[in-house]
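Each chain is listed here by its residues.
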Amino acid sequence: QVQLVESGGGLVQPGGSLKLSCTASGFTFSIFTVGWYRQAPGKQRELVASVNGGGNTRYADSVKGRFTVSRDNAKGTVYLQMNSLKPEDTAVYYCNAKHLGLNRQYWGQGTPVTVSS
């Protein structure tokens, strides 16, 4: 019953905005650190943003000031608000929930984001 379901990807023009959602079920979501990763063709998967159980956030330099990660533990959902999108943001975006102490890690299915005119 453990699931991490993503939604919100799509095609957007440069300068536009998109909001991704990742909804968890089947585990104690609130104690997991959740990260948004992305992977473009021919490139390594990179961590874009993360939020831990205490609500502390981190961002890759490439997205800082443009992306915002947030979580609603009551809903079991993490969001990635993406503003001022650039073509280089084009990638498949993945949601990851991990708990090192419990040795558990879950991945969403990925949602593609294409930034193009």
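Structure first, text after, so check above.
Keep in mind that this is a model prediction, so the values were computed, not measured. (Residues numbered from 1 in each chain as written. Predicted model: local features only at pLDDT ≥ 70, side-chain atom pairs only at ≥ 80, totals over all residues. Heavy atoms only, no water.)

Caption draft 1: Structural view of the overall build of the chain. If you tally the helices and strands in the chain, you get zero helices and eleven strands. N-terminal to C-terminal, the α/β element order of the chain is β-β-β-β-β-β-β-β-β-β-β. For the chain, the spread of C-alpha atoms along the three principal axes comes to 40 × 25 × 25 Å. The buried share of the chain, reckoned over its 117 residues, is 42%. Counting only contacts in the chain whose residues sit at least 6 apart along the sequence, the fraction spanning at least 24 positions is 55%. Per element, the accessible surface of the chain, about 6300 Å² overall, is 46% carbon and sulfur. (Helix = DSSP H or I, 4+ residues; strand = E, 2+ residues; numbered from the N terminus. Buried < 20%, exposed > 50% of the residue type's maximum accessible area, 1.4 Å probe, protein only. Contact = heavy atoms within 4.5 Å. Areas by Shrake-Rupley, 256 points an atom, 1.4 Å probe, with all protein chains shown as cover.)

Caption draft 2: The nonpolar core, seen in detail. Grouped together as the largest cluster of nonpolar side chains are 30 residues, with contacts concentrated most on Trp36, Leu80 and Tyr93. Put simply, the parts of the chain that give this core at least two residues each are β3 (18-25), β4 (33-39), β5 (46-51), β7 (67-72), β8 (77-82), β9 (91-99) and β11 (111-115). If we skip the residues at most four places from it in the chain, Leu80 touches Leu18, Lys19, Leu20, Trp36, Ala49, Phe67, Thr68, Val69 and Tyr93. (Core = buried A, V, L, I, M, F, W, Y, C linked by side-chain atoms within 4.5 Å.)

Caption draft 3: The arrangement of empty space enclosed by the protein in detail. One pass over the full model with this rule turns up one cavity of 30 Å³ or more. Quantified by volume, the largest cavity comes out at close to 40 Å³. Every residue lining the largest cavity is listed: Arg38, Gln39, Ala40, Lys43, Gln44, Glu46, Glu88, Thr90 and Ala91. Taken together, the residues that form the lining of the largest cavity break down as two nonpolar, three polar and four charged. (1 Å grid on protein atoms, 1.4 Å probe; cavity = no way out; pocket = protein on both sides within 12 Å on 5 of 7 lines; lining within 4 Å. Points joined across faces, edges and corners; volume = space filled by probe spheres on them. Nonpolar A, V, L, I, M, F, W, Y, C, P; charged D, E, K, R; others polar.)

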